[in-house]
Amino acid sequence: MIKGAFSALNASRRRSILTMLGIIIGVAAVIIIMAIGSGAQALILSQFETFGSNLIGVLPGKSEQNGPPAAVFGVTITTLTLDDAIALGQKNNVPHAIAVEPVSQGAGTATWRSESYDTTFFGTSADYIEVEGGELESGRFFSADEVDSTARVVVLGSTVKTELFGQSDAVGQNIRLKNTVLTVIGVMKERGTVAFQNYDDQVILPITTLQKLILGVNHLGFLRVKVDDGANIEQTMIDVTETLRERHGIKDSSGLSDDFTIQSSRDAIETLTTVTSGLSFFLAAMAALSLLVGGIGIMNIMLIRVVERTREIGLRQALGARRFDIMSQFLTEATAITLSGGIIGIVIGELMSVLITLVAQQMGYDWPFSFSLVAIIVAVSVSVAVGLIFGLYPAAKASKLDPIEALRYE
Amino acid sequence: MLIKVEGLKKDYVNEEVVTKVLHGLSFSIEEGEFVSIMGPSGSGKSTLMHILGFLDRASHGKYEFEGRDVTSLSDDELAAFRNEKIGFVFQSFNLLPRTSVLENVKLPLLYSSKPHHNATKRAQEVLEQVGLGHRLGFFTNQISGGEKQRVAIARALINNPSIIFADEPTGNLDSKSGTQVMAILQALNDAGHTVILVTHETFTSEHAKRIIMMKDGLIVEDKKVTHRRIAKDTELIK
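A brief look at the structure comes next.

Each value, and the rule that gives it
Residues numbered from 1 in each chain as written. Chains lettered and ligands numbered in written order. Predicted model: local features only at pLDDT ≥ 70, side-chain atom pairs only at ≥ 80, totals over all residues. Heavy atoms only, no water. Helix = DSSP H or I, 4+ residues; strand = E, 2+ residues; numbered from the N terminus. Rg over C-alpha atoms; globule rule 2.2 N^0.38 Å. Buried < 20%, exposed > 50% of the residue type's maximum accessible area, 1.4 Å probe, protein only. Contact = heavy atoms within 4.5 Å. Areas by Shrake-Rupley, 256 points an atom, 1.4 Å probe, with all protein chains shown as cover. Lys, Arg positive; Asp, Glu negative; His and termini not counted. Salt bridge = Lys/Arg side-chain N within 4 Å of Asp/Glu carboxyl O. Patch = residues over 30% accessible without salt bridge, like charges linked within 9 Å, V, L, I, M, F, W, Y side chains within 5 Å. Buried area = accessible area lost by both parts, 1.4 Å probe. Pairing = 2+ DSSP bridges. Axes fitted to C-alpha atoms, helices over the stretch in contact; angles between N-to-C directions.

## Focus: the overall build of chain A
Then step 1. When its secondary structure is counted, chain A shows 13 helices and 12 strands.
Then step 2. At 32 Å, chain A has a C-alpha radius of gyration far larger than the 22 Å of a compact globule built from 410 residues.
Then step 3. In terms of principal-axis extent, the alpha carbons of chain A reach across some 105 × 55 × 35 Å.
Then step 4. Classification of the 410 residues of chain A by burial places 50% in the buried group.
Then step 5. Partitioning the intrachain contacts of chain A with sequence separation of at least 6 by distance along the chain shows that 77% fall at a separation of at least 24.
Then step 6. Per element, the accessible surface of chain A, about 19300 Å² overall, is 60% carbon and sulfur.

Structure representation (structure tokens):
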């Protein structure tokens, strides 16, 4: 009977494939959703694992809880300063902070002899490695003393090192950032893009040196606080908020008058997860819609097949087919269409998932390819279910034909 | 007694208009007979064949098949009877398109409750019986009309039925093919099969041994054929 169902489909191949389209798209969407969902989830989690999840970020300016930081709108906000960072580093203000990293960023050209390269200047404190992670390829990182003394030293990201020095040794050489000459004291190991930040294409220098000698500014881009234990994140967020309000003379404890925004990396994970699950929901709705439309298409085509094959149904009844036999024949055919569509959809979905993975990896993200057996089982069951559900009415109609009238049908 | 019918009536009700098609028929048919049900169109002969062949039910009266009252059987039981007891041959052949001769002949076995271990061998046998042993793998659009009807006869034979019903079997055939088909039916009857032929042609009906003549839903004559026509086909019959 199954063989018969497939040969009946083969007989009207073009129509069958057109009918399958809805199912193909729906099933491919299901596969892609599940692959992207788990890929994005794994990416986000891996990003924050390497990054450390016990971080609190402080941005200048007020923003809504889940809205973008004010700086996104191109406004330079100067409310956060190096002195704020120093105050947060004091145990009596924020007891659970084990490291505070003030960050100021700029962009410009780094030059060594005749080589030059446009990159990001990342001004920070000696706590950089503690907070951000990362390892040195050669040389050393700068010390707290060098930050205090505005030392003319710089640590290169691996891309910058390669662009300027190629294979030759960079440590001990002098490079120029804009017009300031700095000595290279270290080179970072290649790290890739973590948490949407490219760690290799930047130069890292003491924040004081960047602010005073190169940019001529006094404010911070943002600062990060590392908390000793995940359990103390809530308390530390309160401590940081209170310290900053006191320093900035803010009396309002509602948070409405704050000139800074504080967020933990956990909040960020939640925000990102909300975004990806929202996306997944949207795609799932699309898939469901596509399967519904596909199912209606199947029902339509099966009704046409029943009418076209009225005489055949009559003949089969005359030869001894019971209602159940006719019903299962047409249900099998409907299911054969949807299952074939489902299998094509799975293949297309998997190919698309591989493509997405490759593109994401090409862009530098640590995006794993996830081949999900569950997704395939879901896709196969869904396509069989669509065939059974939408094939039911036409099959029932076929099984209720009167054999004599069916045999006479022209 | 193979078939016993008493006071058989059939009414069609369509939008509260009752059309009486059969007005109370009584007759019986023995095993091994070759009966022709003859009459003009509208005489009720097709309706009678449908009832006798379990495709339809009588409105009133009694129908005993092999000694069993079949008027109260369920739809599925009737389907099983059609499968096992009846072989149908239709005017328009009714073969499945895009399907081989062999698969067409095997089709009734799909609905049989009995297991079939040698389905292909059995299909070959019946195809050889109708002289088509060389056409097994042909598709139904590759053979002539006469051959199609012989495939249909082979299909009717595959479950070794109690009765073969042939409804105008020569109606769509040229006279040579028609003769071949009648010769096969006569040969099958000679071999012991009961054959019931439905036709409106006197010539065709005279190939049977007995003619039940119908008109306006009644049997007007039930007679033995005195000068039976014998269809000769030297090519086919061994």
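## Description of the side chain of A:K161
Residues and elements named next belong to chain A.
Then step 1. Residue placement: K161 occurs in helix α6 (residues 158-165).
Then step 2. Of the buried charged residues, K161 lacks a salt bridge, with D169 as the closest side chain of opposite charge at 6.0 Å.
Then step 3. Those residues in contact with K161 that lie beyond four places of it in its chain are L156, G166, Q167, S168, A170 and V187.

## Notes on a nonpolar patch on the surface
All names here are of chain A.
Then step 1. A surface patch of nonpolar side chains, amounting to about 520 Å² of accessible area, comprises I344, I348, M352, L355, V359 and M363.
Then step 2. Note on placement: M352 falls in helix α11 (residues 323-362).
Then step 3. You can call M352 partly exposed: its relative accessible area is 36%.

## A look at the interface of chain A and chain B
Then step 1. Tallying the contact residues gives 18 residues for chain A and 19 residues for chain B.
Then step 2. When chain A packs against chain B, close to 1800 Å² is buried across both sides, 61% of that on carbon and sulfur atoms.
Then step 3. Connecting chain A to chain B are one salt bridge.
Then step 4. B:D75 is the salt-bridge partner of A:R323, the closest N and O atoms lying 3.1 Å from each other.

## Let's talk about the sheet that holds strand β6 (residues 86-89) of chain B
The strands that make up a sheet are held in pairs by hydrogen bonds between backbone atoms, and each pair lies either parallel or antiparallel.
All names here are of chain B.
Then step 1. Sheet architecture is open: six strands sit in the order β6-β7-β8-β3-β9-β10, paired in mixed fashion. The sheet terminates laterally at β6 and β10 (218-224), the two strands that pair on one side only. In this sheet, adjacent strand axes meet at a mean angle of 15° when their direction is disregarded.
Then step 2. Sheet topology note: the strand β3 (residues 34-38)/strand β8 (residues 194-199) ladder contains five bridges and is parallel. Looking across to β8, one finds that F34 is bridged to V195.

By themselves these figures say nothing about function.
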